[in-house]
Amino acid sequence: MKLSDKTAIVFGCNGLIAQAICKKLSKEGCKLVITDFKKEQADKLASEIKNAIGIGVNVCSEKEIKEAMDIAIKKYGKIDFVVNCSRIALFKETVELTENEWDIIVDFNAKSMYYIAKAALKNMIDNNHGTIIGITSKTANSGPANLSAYAASMNASIGLLRSLSCEVRNNNIRVNALCPGYIEHEELVLGAELTNNEPPDEGIYIQFSPLINIANEPEALANMVVFLASKEGEFITGQAYSLWDDDLTYYRNLGQMAEL
Amino acid sequence: MRLENKTAVVTGAGQGIGKGIALALAREGANVVISDINLNEATKVVREIEELGRKSLAVKTDVTSKKEVDDLIKKTMEKFGSLDIMVSNAGVSSMEYVIDMPEEKWDFNMDVNLKGTFLVTQAAAQQMIKQQNGKIICTASMAGKGGVATQAHYNASKHGVIAYVKSLAQELAPCGITVNSICPGSIKTSMQDREVQWSAEIRGAGATSEDIREEMANFTPLGRIGLPEDIAKVVVFFASDESAFMTGQAINVTGGQVNTI
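For clarity, every value in this text was computed on a predicted model and none was experimentally measured.

Trainee: I'd like to hear about the overall build of chain B, residue by residue, with values.
Mentor: Each helix and strand in chain B was counted, giving eight helices and seven strands. Over its C-alpha trace chain B gives a radius of gyration of 18 Å, about what one expects of a compact globule, namely 18 Å for 261 residues. When the backbone C-alpha atoms are referred to their principal axes, chain B occupies close to 55 × 35 × 35 Å. Going through the 261 residues of chain B one by one, you find that 56% of them count as buried.

So, in structure tokens, the structure goes:
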């Protein structure tokens with residue numbers, strides 16, 4: 001096992017990607033604190049894996065994030081890895097997007113990363129050790145239609161993480177981002193809920209390339225998280241990785257809603 | 001002249017890069033609305049535009065206020081009857097390490113630089129869709145492509161602008177509207193003066209503003225700090241027909257610098 005005696009806190013576990021990450025971390029021996037906007041979601045996942053506890057956390061609240069970190073430190077004594085999987089999405093034309101919708105999406109996706117990083121750093125700097133991984137999106141680079149606030153928030157997170165990696169280089173803390181290539185159903189569901197929009201149909205997600213089988217992606221991203229968290233990734237910081245190269249513009253710009 | 005009888009609006013045009021852009025657009029024949037949070041500075045630029053023989057108008061705008069942004073477009077339409085070129089340029093910066101960063105600093109950078117871009121370009125797009133043409137240009141930054149310590153909030157906001165522009169470009173392409181961003185490097189402005197001073201203070205050990213400036217120039221392959229005019233030339237290109245087949249791009253104007261210091 002690559003991560004024995006390590007501890008991680010994962011924010012946002014409603015989607016398949018986060019669930020694959022938590023399961024993989026646990027399989028590698030990592031002890032976990034799992035949080036989600038909905039406590040029952042975090043509890044459910046925590047009950048399915050070894051050495052894990054669940055907490056309800058709204059990532060738009062700095063107070064709740066700090067409390068979650070405190071619980072993790074109290075339970076395990078330290079935080080080795082922080083993985084932020086909290087993402088919400090809303091599929092809407094920019095000219096129709098309201099200021100309130102913009103604020104909710106950008107705060108949930110980007111400001112949360114600032115809160116989480118800031119809260120985690122205190123313990124990591126004391127320990128002179130730590131890894132922060134942000135799950136962002138390939139839209140940060142491609143910028144599809146009808147997802148402008150989402151793309152903006154994801155690239156904002158990457159900008160934050162890149163800068164942060166420069167700040168904490170001498171503290172033996174590494175900071176990286178992963179960029180999934182599709183938007184999960186659960187992101188659209190929570191996005192709709194928080195912005196008071198109609199929920200998407202059952203099984204709807206957003207896909208950017210018909211050439212990729214997204215069913216494989218959660219597992220592949222979980223492998224990347226373990227790689228970045230383990231000793232093998234110890235010379236990697238300030239990077240934003242996706243799993244394949246940019247698609248043909250035609251496919252990339254389609255940003256189509258699809259059924260799972 | 002490439003922009004005769006066009007109407008342009010430039011936010012943050014009271015000084016620095018925005019002022020340089022406004023004057024360059026006017027020199028190419030455009031009438032230019034000078035939007036700035038500081039009406040006094042905006043009014044001075046209006047006089048310079050009028051001296052060039054173009055029409056102008058000063059509008060006080062806080063780009064984080066939807067009401068004021070909508071009012072800017074309304075006043076532009078009342079005076080000029082069309083909106084051909086929107087330059088979303090207003091921006092702010094500060095320097096803080098994340099570990100010490102007060103939430104207000106995060107909000108200030110994100111609200112002005114990123115949300116301001118959304119509000120300004122959304123209002124402009126609503127008008128340009130009626131016209132079925134238009135040119136939108138956003139000032140992002142070299143910081144939108146890399147990371148630098150003490151500016152995580154600024155970098156986050158500028159990364160956000162670049163991604164936002166790519167999305168908006170896809171949406172507006174069918175309406176004949178192009179959307180591009182420019183990424184200035186080290187440019188001599190009052191924002192840079194402040195940053196240079198902060199850098200010297202953070203660095204300590206007797207470092208002076210002049211040391212930091214010299215370093216910036218040394219880090220730039222073309223060997224000098226840029227001027228607002230350097231940026232303005234590229235904005236004119238994006239405002240003109242010469243860029244007719246370009247949209248969704250983030251163009252570096254950095255003297256060859258590819259990342260932050």
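That was the structure; now back to the text.
Trainee: Could you give me a rundown of helix H3 (residues 62-76) of chain A, with the residues and numbers involved?
Mentor: Residue and element names in this part refer to chain A. Here H3 contains 15 residues, and its C-alpha end-to-end distance of 21 Å stays within 8% of the 21 Å for a straight helix at 1.5 Å per residue. Residues of H3 that are buried include every one of Ile65, Ala68, Met69, Ala72 and Tyr76, and no others. Down the axis of H3, the buried side of the element spans an arc of 100°, and every buried residue falls inside it. Of the residues in H3, the exposed ones pointing more than 90 degrees away from the buried face are Lys63, Asp70 and Lys74. Looking one or two residues past H3, Gly77 carries a phi angle of roughly 85°, positive in sign.

Trainee: Explain the sheet that holds strand S5 (residues 134-139) of chain B to me, and be specific about the residues and the numbers.
Mentor: Residue and element names in this part refer to chain B. Spatially, seven strands are ordered S3-S2-S1-S4-S5-S6-S7 in an open sheet, and the strand pairing comes out parallel. Each end of this open sheet is capped by a strand with a single partner; those strands are strand S3 (56-60) and strand S7 (250-253). For this sheet the average axis-to-axis angle between neighbouring strands, irrespective of direction, equals 20°. Strand direction decides the pairing type here: strand S6 (residues 177-184) and S7, joined by four bridges, are parallel.

Trainee: Got a sec to walk through the pairing of strand S6 (residues 173-179) of chain A? Specific residues and values, please.
Mentor: Residue and element names in this part refer to chain A. Burial analysis of S6 places seven of its seven residues in the buried class, the great majority of the element. The alternating pattern of S6 places Ile173, Val175, Ala177 and Cys179 on one face and Arg174, Asn176 and Leu178 on the opposite face, and all of these are buried. The pairing of strand S5 (residues 130-135) with S6 spans six bridges and is parallel. Its bridge partner lying in S6, Gly134 is registered against Ala177.

Trainee: Go over the nonpolar core with me, naming the residues and quoting the values.
Mentor: Membership of the largest hydrophobic core comes to 160 residues, with the highest contact counts inside it found for A:Val10, A:Ile21, B:Ile21, B:Ala22, B:Leu25, B:Ile34 and B:Val235. The leading source of residues in this core is helix H4 (residues 99-127) of chain A, at 14 residues. Dropping the residues within four chain positions of it, B:Val235 is found in contact with B:Ile21, B:Ala24, B:Val87, B:Ile137 and B:Ile182.

Trainee: Tell me about the sheet that holds strand S4 (residues 81-84) of chain A, residues and numbers included.
Mentor: Residues and elements named next belong to chain A. The sheet built from seven strands is open, its strands ordered S3-S2-S1-S4-S5-S6-S9 with parallel pairing. Strand pairing shows two members of the sheet lacking a second neighbour, strand S3 (52-56) and strand S9 (240-242), which therefore form its edges. Within this sheet the neighbouring strands show an average axis-to-axis angle of 20°, counted without direction. As paired elements, S6 and S9 share three bridges and run parallel to each other. Directly across from Ala177, in S9, lies its bridge partner Ala240.

Trainee: Talk me through the environment of A:Lys24; I want residue IDs and the actual numbers.
Mentor: Residue and element names in this part refer to chain A. Mapped onto the secondary structure, Lys24 falls in helix H1 (residues 16-27). Judged by the 21 C-beta atoms lying within 10 Å of it, Lys24 is buried. When neighbours within four sequence positions are excluded, Lys24 is seen to be in contact with Ala222, Asn223, Val225 and Val226.

Trainee: Kindly report on the packing of helix H6 (residues 148-167) of chain A against helix H5 (residues 152-172) of chain B, identifying the contributing residues and their values.
Mentor: H5(B) packs onto H6(A) with a crossing angle of 150° between their chain directions and a minimal axis gap of 6 Å. Put simply, H6(A) runs roughly antiparallel to H5(B). When the axes of H6(A) and H5(B) are compared, the crossing they make is right-handed. Classifying every residue of the contact of H6(A) with H5(B) gives 13 nonpolar, 11 polar and three charged.

Trainee: Give me the lowdown on the environment of B:Ala124, citing residues and values where you can.
Mentor: Residue and element names in this part refer to chain B. The residue Ala124 is located in helix H4 (residues 103-131) in this model. For Ala124, a count of 28 C-beta atoms within 10 Å corresponds to the buried category. Each C-alpha atom, one on Ala124 and one on Ser88, is 9.6 Å from the other, the two residues being 36 residues apart in sequence. Once you skip the residues sitting within four places of it in the chain, Ala124 turns out to touch Ile73, Leu83, Met86, Gly134 and Ile136.

Trainee: With reference to specific residues and values, describe the interface of chain B and chain A.
Mentor: Contact residues are listed per partner, giving 36 residues for chain B and 40 residues for chain A. Breaking the side of chain B that touches chain A down by element, the ones donating at least two residues are H4 and H5 of chain B. A total of 15 residues in the side of chain B that touches chain A trace back to one element, the largest contributor, which is H5(B).

Scoring rules and cut-offs
Residues numbered from 1 in each chain as written. Chains lettered and ligands numbered in written order. Predicted model: local features only at pLDDT ≥ 70, side-chain atom pairs only at ≥ 80, totals over all residues. Helix = DSSP H or I, 4+ residues; strand = E, 2+ residues; numbered from the N terminus. Rg over C-alpha atoms; globule rule 2.2 N^0.38 Å. Buried ≥ 20, exposed ≤ 12 C-beta atoms within 10 Å, placed from the backbone. Expected span 1.5 Å × (residues − 1). Arc of directions from axis to C-beta. Pairing = 2+ DSSP bridges. Axes fitted to C-alpha atoms, helices over the stretch in contact; angles between N-to-C directions. Core = buried A, V, L, I, M, F, W, Y, C linked by C-beta atoms within 7 Å. Contact = placed C-beta atoms within 7 Å. Parallel < 35°, antiparallel > 145°, perpendicular 65-115°, else oblique. Left-handed = near helix turned anticlockwise from the far one by under 90°. Nonpolar A, V, L, I, M, F, W, Y, C, P; charged D, E, K, R; others polar.

Taken by themselves, the reported measurements are silent on function.
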